[in-house]
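Residues per chain are reported as follows:
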Amino acid sequence: MNKMNLEQVMEIMERETGNYGFRGASQRDLDLTASGEYLDASLDLWDERDCDYQEDAERLNGTSAISINEYMEMDEIRKWYEYAKGYADNHHGTGVVLFVYGDNSDYGYDEHEVLLKCDFEEGAKVMAEVVL
């Protein structure tokens, strides 16, 4: 998997307008990125933050992520990276933040949440792992 720092993330967003986000990766996300570049649509388990993957759970309309865009300053990008990193550390135990993209986006229910989905896919495209 490609790795990018925050400056490289900003360069991509400034060069290629689109729908972007940071995702605190679950182990399932990491397994999917090892075999492909697209994530599943997120599970619709709003009442269960720390839960195991459930194949039969309802799905959201894309992959849940923290919305970022080319109009943000570096301090705001860093703030949302840290937010996603906290989720990766505290909820998933992976410590990995993914930079993700979708052709389509919807609003999520949580603060600054976006649902990203690529055409002809259930979820978002993984652009890179974000490293500081």
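Residues numbered from 1 in each chain as written. Predicted model: local features only at pLDDT ≥ 70, side-chain atom pairs only at ≥ 80, totals over all residues. Heavy atoms only, no water.

### Focus: the layout of surface pockets
In this structure, the second largest pocket encloses a volume near 220 Å³. Around the second largest pocket, the lining is made up of 13 residues, and of these Ser-67, Ser-105, Tyr-107, Glu-113 and Val-114 lie nearest the centre. Broken down by secondary-structure element, the contributors of at least two residues to the lining of the second largest pocket are β2 (19–24), β3 (63–68), β5 (104–107) and β6 (113–117). Among the residues making up the lining of the second largest pocket, the classes are represented as five nonpolar, six polar and two charged. (1 Å grid on protein atoms, 1.4 Å probe; cavity = no way out; pocket = protein on both sides within 12 Å on 5 of 7 lines; lining within 4 Å. Points joined across faces, edges and corners; volume = space filled by probe spheres on them. Helix = DSSP H or I, 4+ residues; strand = E, 2+ residues; numbered from the N terminus. Nonpolar A, V, L, I, M, F, W, Y, C, P; charged D, E, K, R; others polar.)

### Brief notes about the sheet that holds β6
Pairing in this open sheet of seven strands is mixed, and the strands run β1-β7-β4-β2-β3-β6-β5 from one edge to the other. Looking at the sheet topology across the chains shown, the edges are occupied by β1 (3–4) and β5. Across five bridges, the pairing between strand β4 (residues 97–102) and strand β7 (residues 125–130) is antiparallel. Along β7, the bridge assignment pairs Leu-98 with Glu-129. The strands touched by helix α3 (residues 74–92) within the sheet are β2, β3, β4 and β7, with β2 carrying the most contacts at an inclination of about 35°. (Pairing = 2+ DSSP bridges. Contact = heavy atoms within 4.5 Å. Axes fitted to C-alpha atoms, helices over the stretch in contact; angles between N-to-C directions.)

### Focus: the environment of Gly-108
The topology assignment puts Gly-108 in the loop between β5 and β6. In contact with Gly-108, other than residues within four places in its own chain, are Glu-113, Val-114 and Leu-115.

### Some words on the side chain of Thr-63
Counting through the fold element by element, Thr-63 comes out in strand β3. When its relative accessible area of 0% is taken as the criterion, Thr-63 is described as buried. One polar contact links the side chain of Thr-63 to the main-chain amide nitrogen of Ala-124, over a distance of 2.9 Å. Ignoring any residue separated from it by four or fewer positions in sequence, one finds Thr-63 in contact with Arg-23, Leu-39, Asp-40, Ala-41, Ser-42, Val-114, Leu-115, Leu-116, Gly-123 and Ala-124. (Buried < 20%, exposed > 50% of the residue type's maximum accessible area, 1.4 Å probe, protein only. Polar contact = N/O pair within 3.5 Å; in protein donor to acceptor, adjacent residues only side chain to side chain.)

This is a description of form; function is not addressed.
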